[in-house]
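# Fold and geometry: a report
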Amino acid sequence: MLGIFEGKKAENNKLILKSLVFGPKTTNQIAEYIYLNQKPQIKTKRTIKKEIRKIVSIIARKGSRLEELEAKQYIKRENGLWHLTSKGVPVALTLFDSVNEFLPYVKLDLDLSDLAEKLCEIPLIGAFISREKLCKMLNFGASKKWLLAIRECTSELIKQGLDLDGVSEKEFQAMLTAKLAIYFTNVELFDKLEEVLRHE
């Protein structure tokens, strides 16, 4: 990955996005997640609060991690809580080695049904899968298959050199929809997806 996932800032940026897969969080809760999941180090009760305060100052100051991730449309802030956007969710899912790392704990408050609806409107999809079957299979963001498909297609976009930082949330959503359309109309790929899910 490029941009926000390179250099010294990469670890914190990745951990911020990963933390939000488990639900919306305050800045302090994100800092706690970073503290608990950063590279191994000696941790004592005396230093926990101090270290968390230090992380808050690093990620929350002007022009830092949270502000940059928000400016690049990976996250948004509502009612004092940070949430993943429809661009942030797929990117965050690629940061996990396995879907078992976040399922069944995933708490994506983001409604991804509009992305699924766009897929249903593509005529090519209807030639392979009925609207009812696709909608049931995707379960609009809640199913394991749907999350795995989103992760796979996003990984493909990244491998193809997509400038994640440079595309807007809307542009990213359009590209992901196109990838998902190809993904779900490829019967062989769909069979492989079923096989992968059986072994996850």
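These numbers were taken from a predicted model, which means no experiment stands behind them. (Residues numbered from 1 in each chain as written. Predicted model: local features only at pLDDT ≥ 70, side-chain atom pairs only at ≥ 80, totals over all residues. Heavy atoms only, no water.)

In a soluble, globular protein the nonpolar side chains are often hidden away together inside. Counting residues in hydrophobic clusters, the biggest one holds 47 residues, and the most contacted among them are Leu17, Tyr74, Ile75 and Phe102. Sorting the residues of this core by element identifies α1 (10-21), α2 (27-37), α3 (45-60), α4 (65-71), β2 (81-84), α5 (88-93), α9 (144-159) and α10 (169-185) as the ones contributing at least two each. For this core, the leading source of residues is α9, giving eight residues. Residues in contact with Phe102, not counting those within four places in the same chain, are Val21, Phe22, Leu93, Phe96 and Leu147. (Core = buried A, V, L, I, M, F, W, Y, C linked by side-chain atoms within 4.5 Å. Buried < 20%, exposed > 50% of the residue type's maximum accessible area, 1.4 Å probe, protein only. Helix = DSSP H or I, 4+ residues; strand = E, 2+ residues; numbered from the N terminus. Contact = heavy atoms within 4.5 Å.)

Moving on to the pairing of strand β1 (residues 75-78). Across four bridges, the pairing between β1 and β2 is antiparallel. Note that in β2 the partner of Ile75 across the bridge is Leu84. Connecting the antiparallel pair β1 and β2 is a turn made up of two residues, with Asn79 showing a positive phi of about 50°. (Pairing = 2+ DSSP bridges.)

A few words now on the pattern of salt bridges. This structure, assessed with the given rule, holds four salt bridges. Measuring nitrogen to oxygen at the nearest pair gives 3.4 Å for the salt bridge that ties Glu68 to Lys9. Here the residue Glu68 occupies a position in helix α4, and Lys9 occupies one in the segment before α1, the gap between them amounting to 59 residues. Residue classification places Glu68 among the buried positions, given a relative accessible area of 17%. Of the residues examined, Lys9 reaches a relative accessible area of 28% and is grouped as partly exposed. When the shortest N-O distance is used, the salt bridge between Lys76 and Glu78 registers 3.7 Å. If you follow the salt bridges from partner to partner, you end up with Lys9, Arg65 and Glu68 in one network. (Salt bridge = Lys/Arg side-chain N within 4 Å of Asp/Glu carboxyl O.)

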